[in-house]
Amino acid sequence: MGLGVISAFYLETLAASDAVVITAVADLDSGRARTVADALPAAHAMTVAGLLAVTLAEGRSILTAAAHAGVRVGSAPDTVLGTGIQTARAAIDHGLSGRPVAASAVMVTAGHELWHPNPDFYYRAGGGPLFDMGPYYITALIHLLGPIRSVTGASSRPQDHRIRTGPRAGESIPVLVDTHVTGVLEHLSGALSTITMSFDSTATVASPIEVHGTEGTLAVGDPNTFDGPTSHRRVNDGGFHLLDPLAGYVDGARGIGLRDQIRTPHRVTARANGELALHVLDVMESLQRAATAGRRVDLTTDAERPVPVPLTTRAERRGSEGRR
């Protein structure tokens, strides 16, 4: 797990678990990080906070090495295990909106330089809105509608440099990646999802995720949170109606994916698993290639739709972890 801005939230969750021992965190000095890693005892599992890797080839190498070592790999985002996305999934699985036909995922912001103390990496290889926030939205879409078989896309880079605000106000950051990405994801189920990830606008009134079915529409909250609201509207309804939580970890927090992995029997695939993370990485890399080449790109990976999370209170998950 990297020692970035978000790490304090992960550390707080993991430190509260009797089943987790925090041994070390990654370091921006790769040589020093390697020295620490080589000195650590063999692990039974590894989890990654954020992208599994920057490229699909690197992601495959991680899973191959883990398989040889007999180690399980997990990866964020684990926000999808909270009551927000899991309630939407339960509604879909219960047929509340009929057969899913399409979905949309939208993230629009003016750029993280508005608040982040060191945003330069967002505009380098491995950054941009797709690789920054795409994992949250794409993982959520897979939980809701299943794995993806192909993508088409387009992207742009309206600004070659970004001017910082804050402590380094006035400094110029070179932009080396596309900062507006849009595409269509074709799910194995036949549903079509459209996705827009942008650092080049101000805001949007669109729901972060919407799922459209033959009998209704679900408006789903921010997949970067655990408990975003889910609303439903049937064909003849006068408006959207907020759904009570139907599933997911109540009061979930970052790091719950690793705790979920600990509770999962060894021969059972954990929900926030490495194969799913690799599939999400394949979607994003393929979307970039599709945008560059102007054509449809078939994915080379597959993943199982993770099993749903039943509605689980904090006390219930603490008790089940203790039994493990």
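Since we're looking at a predicted model, the values are computed, not measured. (Residues numbered from 1 in each chain as written. Predicted model: local features only at pLDDT ≥ 70, side-chain atom pairs only at ≥ 80, totals over all residues. Heavy atoms only, no water.)

What to know about the environment of glutamate 215
Point 1. Mapping glutamate 215 onto the fold places it in the loop between β9 (209-213) and β10 (216-220).
Point 2. For glutamate 215, a relative accessible area of 43% translates into the label partly exposed.
Point 3. Between the C-alpha atoms of glutamate 215 and serine 97, which are 118 residues apart in sequence, the distance is 4.6 Å.
Point 4. With residues up to four places along the chain from it excluded, the contact list for glutamate 215 reads Ser97, Gly98, Arg234 and Val235. (Helix = DSSP H or I, 4+ residues; strand = E, 2+ residues; numbered from the N terminus. Buried < 20%, exposed > 50% of the residue type's maximum accessible area, 1.4 Å probe, protein only. Contact = heavy atoms within 4.5 Å.)

Some words on the packing of helix α5 (residues 128-145) against helix α7 (residues 274-293)
Point 1. Viewed as axis vectors pointing N to C, α5 and α7 meet at an angle of 120°, and their least axial separation amounts to 9 Å. With respect to α7, the axis of α5 lies oblique. Considering only the axes of α5 and α7, their crossing is right-handed. Taken together, the residues of α7 that come into contact with α5 (itself represented by Leu130, Phe131, Gly134, Pro135, Ile138, Thr139, Ile142 and His143) are Leu276, His279, Val280, Leu281, Val283, Met284, Glu285, Leu287 and Gln288.
Point 2. Each residue belonging to the contact of α5 with α7 can be placed in one class, and the counts come to eleven nonpolar, five polar and one charged. (Axes fitted to C-alpha atoms, helices over the stretch in contact; angles between N-to-C directions. Parallel < 35°, antiparallel > 145°, perpendicular 65-115°, else oblique. Left-handed = near helix turned anticlockwise from the far one by under 90°. Nonpolar A, V, L, I, M, F, W, Y, C, P; charged D, E, K, R; others polar.)

Description of the packing of aromatic side chains
Working definition: an aromatic ring pair is given by the centre-to-centre distance plus the angle between the planes.
Point 1. Under the definition given, this model contains three aromatic pairs.
Point 2. A centroid spacing of 5.8 Å and a plane angle of 65° characterise the contact between tyrosine 123 and phenylalanine 199, whose relative ring orientation is edge-to-face. With a gap of 76 residues between them, tyrosine 123 in the loop between β3 (100-108) and α5 and phenylalanine 199 in the loop between β8 (192-198) and β9 connect regions that are remote in the sequence. The pair formed by tyrosine 123 and phenylalanine 199 is uniform in burial state, with each residue classed as buried.
Point 3. Ring pairing ties together the aromatic residues Phe121, Tyr122, Tyr123 and Phe199, which thus form one cluster. (Phe/Tyr/Trp six-rings, centres within 6.5 Å; stacked < 30°, edge-to-face > 60°.)

As for the pattern of salt bridges
Point 1. If you walk through the whole model with that rule in mind, you get nine salt bridges.
Point 2. For aspartate 93, the salt bridge goes to arginine 89, with nearest N and O atoms at 3.2 Å. Residue aspartate 93 and its partner arginine 89 are located together in helix α4 (residues 83-93), separated by four residues, close to a single helical turn.
Point 3. A relative accessible area of 39% places aspartate 93 in the partly exposed class.
Point 4. The buried category is assigned to arginine 89, whose relative accessible area is 5%.
Point 5. One salt bridge connects aspartate 200 with arginine 162, and the closest N-O pair in it is separated by 3.0 Å. Here the residue aspartate 200 occupies a position in the loop between β8 and β9, and arginine 162 occupies one in strand β5 (residues 161-163), the gap between them amounting to 38 residues.
Point 6. Judged by its relative accessible area of 2%, arginine 162 falls in the buried class.
Point 7. Counted as one network, the salt bridges with shared partners bring together Arg149, Glu186, Arg296 and Asp298. (Salt bridge = Lys/Arg side-chain N within 4 Å of Asp/Glu carboxyl O.)

Here we look at helix α1 (residues 7-15)
Point 1. Every buried residue of α1 is accounted for by Ser7, Tyr10, Thr13 and Leu14. End-on view of α1: buried residues confined to an arc of 130°, all on one side of the axis. Among the exposed residues of α1, those pointing more than 90 degrees away from its buried face are Glu12 and Ala15.
Point 2. The inward-facing, buried residues of α1 contact α6 (256-263). (Arc of directions from axis to C-beta.)

Topic: the side chain of asparagine 273
Point 1. Positionally, asparagine 273 belongs in the loop between α6 and α7.
Point 2. A relative accessible area of 9% places asparagine 273 in the buried class.
Point 3. In this structure the side chain of asparagine 273 is engaged in a polar contact, spanning 3.1 Å, whose partner is the backbone nitrogen of glutamate 275.
Point 4. Excluding anything up to four places from it in sequence, asparagine 273 contacts Val73 and Gly74. (Polar contact = N/O pair within 3.5 Å; in protein donor to acceptor, adjacent residues only side chain to side chain.)

Let's talk about the pairing of strand β11 (residues 230-234)
Point 1. Inspection of the sheet shows β10 paired to β11 by five bridges, in the antiparallel sense. The residue bridging alanine 219 from the neighbouring strand is serine 231, located in β11.
Point 2. Following β11, the chain reverses through six residues before pairing antiparallel with strand β12 (residues 241-242). (Pairing = 2+ DSSP bridges.)

A few points about the nonpolar core
Point 1. Core analysis: the biggest nonpolar cluster contains 51 residues, and Ile138, Val151 and Ile209 have the highest contact counts within it.
Point 2. Listed in part, the seven residues of the second largest apolar core include Leu56, Leu63, Ala277 and Leu278. (Core = buried A, V, L, I, M, F, W, Y, C linked by side-chain atoms within 4.5 Å.)

Concerning α5
Point 1. The end-to-end C-alpha distance of α5, which contains 18 residues, comes to 25 Å, matching closely the 26 Å that a straight helix rising 1.5 Å per residue would cover.
Point 2. In the structure, α5 departs most strongly from a straight axis at glycine 134, where the bend amounts to approximately 60° and where the proline proline 135 lies between one and four residues downstream.
Point 3. Burial analysis of α5 places 18 of its 18 residues in the buried class, the great majority of the element.
Point 4. Looking one or two residues past α5, glycine 146 carries a phi angle of roughly 95°, positive in sign. (Expected span 1.5 Å × (residues − 1). Bend = angle between axes of the 7 residues up to and from the residue.)

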